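# Overview (structure and organization)
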Amino acid sequence: MDDAQAFYKELERNHLVALWNVSANLLPKEPRGRAIPYLWRWDTLLPLVRRGGELAPLSRGAERRVLGFINPGLPTRYGATHTLWAGFQYLLPREVAPAHRHSPAAIRFIIQGDGAFTTVDGDKCVMSRGDLVLTPPWTWHDHGNESDEPMIWLDGLDLPLVAEMEATFYEPFPKDAQRVERPVGDSERRYGLGQLRPTWERSVGPFSPLLNYKWAPTEEALRRLATGSASPYDDVAMEYINPHTGGPLMPTIACWIQLIRRGLRTRAHRHTGSAVYLVFEGRGQSVIDGQRFDWQRGDLFVVPTWAWHEHASADGAEAILFSVHDTPVMQALGLFREQAYPDHDGHQPVSRVFEG
Ligand code: 1HN
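Read on for an overview of the structure. These numbers were taken from a predicted model, which means no experiment stands behind them.

## Remarks on the overall build of the protein chain
Per the secondary structure count, the protein chain includes seven helices and 22 strands. Relative to the 2.2 N^0.38 estimate, which gives 21 Å for 356 residues, the radius of gyration of the protein chain is 22 Å and therefore close to what a compact globule would have. Based on the C-alpha atoms only, the size of the protein chain along its principal axes is roughly 75 × 50 × 50 Å. Here the protein chain holds 356 residues, and the buried ones make up 50% of them. Taking the contacts inside the protein chain whose residues are at least 6 apart along the sequence as the reference set, 76% of them involve residues at least 24 apart. Accessible surface for the protein chain amounts to roughly 17,900 Å². Of this, 54% is attributable to carbon and sulfur atoms. Here the protein chain contributes 37 positive and 44 negative side-chain charges, whose respective centroids are spaced 1 Å apart.

## Notes on the environment of Arg60
One can find Arg60 in the loop between α3 (42–55) and β2 (66–68). Among the residues examined, Arg60 registers a relative accessible area of 36% and is labelled partly exposed. Every residue in contact with Arg60, bar those within four places of it in the chain, is listed here: Pro98, Ala99, Pro172, Phe173, Lys175 and Asp176.

## A few points about the sheet that holds strand β11 (residues 170–172)
Strand pairing in a sheet relies on backbone hydrogen bonds, with the paired strands running either antiparallel or parallel. One open sheet accounts for five strands, arranged β7-β6-β9-β4-β11; its pairing is antiparallel. Only two strands of the sheet have a single neighbouring strand rather than two, namely β7 (123–128) and β11. Adjacent strand axes in the sheet meet at a mean angle of 25 degrees, parallel and antiparallel pairs treated alike.

## Quick notes on the sheet that holds β2
Spatially, β2-β3-β10-β5-β8-β12 is the arrangement adopted by the six strands of the open sheet, whose pairing is antiparallel. Each edge of the sheet is formed by a strand with only one pairing partner; in this case those strands are β2 and β12 (212–213). Note: strand β3 (residues 85–91) against strand β10 (residues 151–157), seven bridges, orientation antiparallel. Across the sheet, residue Tyr90 finds its bridge partner in β10, namely Ile152. Most of the contacts of α3 go to β3, to which it runs at about 55 degrees, and overall it touches β2, β3, β5 (106–112) and β10.

Here is what the cut-offs are and how they apply
Residues numbered from 1 in each chain as written. Predicted model: local features only at pLDDT ≥ 70, side-chain atom pairs only at ≥ 80, totals over all residues. Heavy atoms only, no water. Helix = DSSP H or I, 4+ residues; strand = E, 2+ residues; numbered from the N terminus. Rg over C-alpha atoms; globule rule 2.2 N^0.38 Å. Buried < 20%, exposed > 50% of the residue type's maximum accessible area, 1.4 Å probe, protein only. Contact = heavy atoms within 4.5 Å. Areas by Shrake-Rupley, 256 points an atom, 1.4 Å probe, with all protein chains shown as cover. Lys, Arg positive; Asp, Glu negative; His and termini not counted. Charge placed at Lys NZ, Arg CZ, Asp CG, Glu CD. Pairing = 2+ DSSP bridges. Axes fitted to C-alpha atoms, helices over the stretch in contact; angles between N-to-C directions.

Structure representation (structure tokens):
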């Protein structure tokens, strides 16, 4: 063994590294995400969700019937992207998913059904298709289904990020369901119209005090905005806001609702931060890093960090996308960057079509 080899061996034994050997890995020219663009089809998901309903009863220890999306580039991370958990949750008529709380933040976006609820710190939020319900960190939450139909919703959590920060806490509630201690939909009563807020209320932490963003006003806002010009990269895209600040819903999670108008094709851009998209209505396609993903109602796809992406609705059809983003983290840490696709009028050449 020559001197140099002996030196590097000794470094290893002492848990040291020579920066000059690894600096290219530590400082790549630009982010090299391991998460890959991917899509899961509703037609594949629905039968699996239903089989879960037949096979897996809810109990303490198995408190949620959720199929989680695992990014194939990150098989051990339990996330749809490196920062975001996404899953489809299934709740049968008269079932209760027992109350608990945790430090990861969660959102639910209702895909199917009408008449289940989530109680968040004693505030009963009634859920119907298109509603967005928040459970900020460390709030007690249980779900119940008082309707005669199974409910399906998208869960989005900052779980992989919080795990990486080694800040995960969890606690079960002593009973299955919380007592409803306030008028049903209390946060909607106080904040639900969006353009006004009670003068005497102060924000409690950096979380939105509105816990249920109902579909009707969401769609109305989208339709109003759709009558004029919109974003070249996202068309008619709106962010759900914290009524105290006008900022994102939570420090780690932003949510968007987005209309891609009939026959419209956006330009490509890329930015730091990853996102999970649910196709709420319609059909279309996205090109992500040169790969085309054709999608329709109920499909879910992911855009990893720093990936070029552009969206289009199918000929003759509009599309509505709901999405969950980690961009507030990038913004808060001064790491947000954005770049427009420079060539071909802002459109990527398509080199592959996703088959799944
Ligand atoms: C969770 O608590 C819920 O409360 C849903 O409905 C999905 C995924 C990972 C960890 C906790 C819920 C979850 C979760």
